[in-house]
Amino acid sequence: MIELKNLTKTFQTTDGAVEALKDVTLTVNDGDIYGIIGMSGAGKSTLVRCINMLERPTDGKVLIDGTDMGALSQKQLRDMRRNITMIFQGFNLLMQRTCLKNVCFPLELAGMKKADAKKRAMELLEIVGLPDKANAYPAQLSGGQQQRIAIARALATEPKVLLCDEATSALDPKTTHSILELIKDINRKLGITVIVITHQMSVVEEICNRVAILDGGVVVEEGTVNEIFSAPKSDAAKRLVFPEGFDAPVVERFADEYRIRIVFNGADAAGTPLIARMALEKEICANIMAASTKTIGGKAYGNMLLGISGDKQMLDDAIEYLTEVEDVVVEEVAD
């Protein structure tokens, strides 16, 4: 278990003190794939670097399985970091070493015999699907392949925690998906706890079970991915979940028209003609003013803005009908 308690980090600059993290308190349970998301400058990378003490917090504590990371000696901290490894956006491979020797590197630092390190490294290259690239150099690989080698290297010391700092930001969507699938597979098979730092809500959608929204160094919202997607409460979460705009777009409102927002939170029914069915069954006509939906793992996520013509009773009937659908949240949008 990872516990962040009242974590604060202040940097001193020529323009004065900058508080990158402000009283951050979070708990990541064993086996979680936990997302920490926010826009640029939110404090995400500072937070992840505080977890393994690459950045020392100004105040507060980082506890990993009850151990206070800030109270460890340098030797104890080095030993502990073997259990908390990290992958980065830029891969950070040693370009003068082959892929095999990149994976061997942390094992050699740990004092493992070369023959044993090579054997373990080959096993890890097999796990990430690149045993044929053992003797290749990083420059000969694609970005996705380099990240797979970086993941293999991160797994070399059999860590309990894998920190991913914008690990897919430099990759195209197809490659991103394959890397996320690999991380999910590693989490499932090896039981490694994963913390994903990202500014991409699509990454959180695909891989995480819990998420914290960071804004200006403050955790403004935290919960399961489903909870955040179905009903974001903070302005920062709304901007991330609905990048096209959480508030109603500027569209002319007709007389006697009400507006409602439908949020699909993993609904199977979203694949059926829900609005058309409402019109047929309830004789409620609705204009689709805006929509942003996507299917992830056979489930629908996203939102839709409807215009309902008629009186208040028609509005109430529409809300009642739509809220009967499982994993759908409906709310009226005020002016």
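Scroll up to find the structure.
Model, not experiment: these values are computed from the prediction.

### Brief notes about the sheet that holds strand β4 (residues 59-64)
Logical step 1: Spatial ordering of the open sheet is given by β2-β1-β4-β5, a layout of four strands whose pairing is antiparallel. Lying at the two open borders of the sheet, with one neighbouring strand each, are β2 (16-28) and β5 (67-68).
Logical step 2: Here strand β1 (residues 2-13) pairs with β2 via nine bridges, running antiparallel. Its bridge partner being in β2, Leu7 is matched across the sheet by Val24.
Logical step 3: Where helix α1 (residues 44-51) meets the sheet, it contacts β1, β2 and β4, and its direction lies at approximately 120 degrees from that of β1.

### Comments concerning a negative patch on the surface
Logical step 1: Side chains of Asp256, Asp311, Asp317, Glu320 and Glu324 sit close together on the surface and give a patch of like negative charge.
Logical step 2: By the secondary structure assignment, Glu324 is in the loop between α11 (312-323) and β14 (328-332).

### What about the nonpolar core?
Nonpolar side chains in soluble globular proteins generally cluster together in the buried interior.
Logical step 1: One finds Ile87, Ile149, Ile151, Ile183, Ile207 and Ile213 to be the most contacted residues of the largest nonpolar core, which totals 53 residues.
Logical step 2: No other element matches the six residues that helix α5 (residues 143-155) contributes to this core.
Logical step 3: Excluding its chain neighbours within four sequence positions, the residues that come into contact with Ile149 are Leu93, Cys99, Asn102, Val103, Leu125, Leu130 and Leu141.
Logical step 4: Membership of the second largest hydrophobic core comes to 29 residues, among which are Val24, Val28, Ala42 and Leu77.

### Some points on the environment of Ala318
Logical step 1: Within the secondary structure layout, Ala318 lies in helix α11.
Logical step 2: The buried category is assigned to Ala318, whose relative accessible area is 0%.
Logical step 3: In this structure, the C-alpha to C-alpha distance between Ala318 and Val18, residues 300 residues apart in sequence, is 49 Å.
Logical step 4: If sequence neighbours within four positions are ignored, Ala318 has contacts with Met278, Ile284 and Ile308.

### A short note on the packing of aromatic side chains
Logical step 1: In total, this model carries zero aromatic pairs according to the counting rule given.
Logical step 2: Geometry around Phe11 places Lys9 over its ring, the cationic atom sitting 5.0 Å from the centre.

### Quick look at the packing of helix α3 (residues 99-109) against α5
Logical step 1: Interhelical geometry of α3 versus α5 gives an angle of 30 degrees and a closest axis separation of 7 Å. Regarding the angle of α3 to α5, the classification is roughly parallel. In this structure, α3 crosses over α5, and the sense of that crossing is right-handed. Touching Cys99, Asn102, Val103 and Pro106 of α3 are Ile149, Ala152 and Arg153, all from α5.
Logical step 2: The residue makeup of the contact of α3 with α5, split by class, is five nonpolar, one polar and one charged.

### A short note on the state of the cysteines
Put plainly, a disulfide is one covalent bond tying together the sulfur atoms of two cysteines.
Logical step 1: Tallying each qualifying case throughout the model produces zero disulfides.
Logical step 2: Lacking any disulfide linkage, Cys99 is separated from the closest cysteine sulfur, that of Cys104, by 11 Å.
Logical step 3: Overall, Cys99 belongs to the buried group, its relative accessible area being 0%.

### Quick notes on α11
Logical step 1: When the terminal C-alpha atoms of α11 are compared, their 17 Å separation across twelve residues agrees well with the 16 Å that a helix rising 1.5 Å per residue should span.
Logical step 2: Of the residues making up α11, those classed as buried are Leu315, Ala318, Ile319, Tyr321 and Leu322. An end-on view of α11 places all buried positions within 165 degrees of arc, on one side of the element.
Logical step 3: The inward-facing, buried residues of α11 abut β11 (257-267), α10 (274-282), β13 (299-309) and β14.
Logical step 4: Capping the start of α11 is the job of one residue whose side-chain oxygen sits 3.2 Å from the backbone nitrogen of Gln313: Asp311.

### Overview of the sheet that holds strand β3 (residues 33-37)
Logical step 1: Strand order in this open sheet of six strands is β6-β7-β8-β3-β9-β10, and the pairing throughout is mixed. Two strands lie at the open edges of the sheet, namely β6 (84-88) and β10 (218-224), each paired on one side alone. Looking at each pair of strands side by side, their axes are set apart by 15 degrees on average, direction ignored.
Logical step 2: Across five bridges, β3 lies against strand β8 (residues 193-198) in parallel orientation. Along β8, the bridge assignment pairs Gly35 with Val196.
Logical step 3: Against the sheet, α1 makes contact with β3, β6, β7 (161-165), β8 and β9 (210-215), and its axis sits at roughly 155 degrees relative to β8, the strand it touches most.

Conventions and cut-offs
Residues numbered from 1 in each chain as written. Predicted model: local features only at pLDDT ≥ 70, side-chain atom pairs only at ≥ 80, totals over all residues. Heavy atoms only, no water. Pairing = 2+ DSSP bridges. Helix = DSSP H or I, 4+ residues; strand = E, 2+ residues; numbered from the N terminus. Contact = heavy atoms within 4.5 Å. Axes fitted to C-alpha atoms, helices over the stretch in contact; angles between N-to-C directions. Patch = residues over 30% accessible without salt bridge, like charges linked within 9 Å, V, L, I, M, F, W, Y side chains within 5 Å. Areas by Shrake-Rupley, 256 points an atom, 1.4 Å probe, with all protein chains shown as cover. Salt bridge = Lys/Arg side-chain N within 4 Å of Asp/Glu carboxyl O. Lys, Arg positive; Asp, Glu negative; His and termini not counted. Charge placed at Lys NZ, Arg CZ, Asp CG, Glu CD. Core = buried A, V, L, I, M, F, W, Y, C linked by side-chain atoms within 4.5 Å. Buried < 20%, exposed > 50% of the residue type's maximum accessible area, 1.4 Å probe, protein only. Phe/Tyr/Trp six-rings, centres within 6.5 Å; stacked < 30°, edge-to-face > 60°. Lys NZ or Arg CZ within 6 Å of the ring centre and 35° of its normal. Parallel < 35°, antiparallel > 145°, perpendicular 65-115°, else oblique. Left-handed = near helix turned anticlockwise from the far one by under 90°. Nonpolar A, V, L, I, M, F, W, Y, C, P; charged D, E, K, R; others polar. Disulfide = S-S within 2.5 Å. Expected span 1.5 Å × (residues − 1). Arc of directions from axis to C-beta. Polar contact = N/O pair within 3.5 Å; in protein donor to acceptor, adjacent residues only side chain to side chain.

Just geometry here; none of it tells us what the structure is for.
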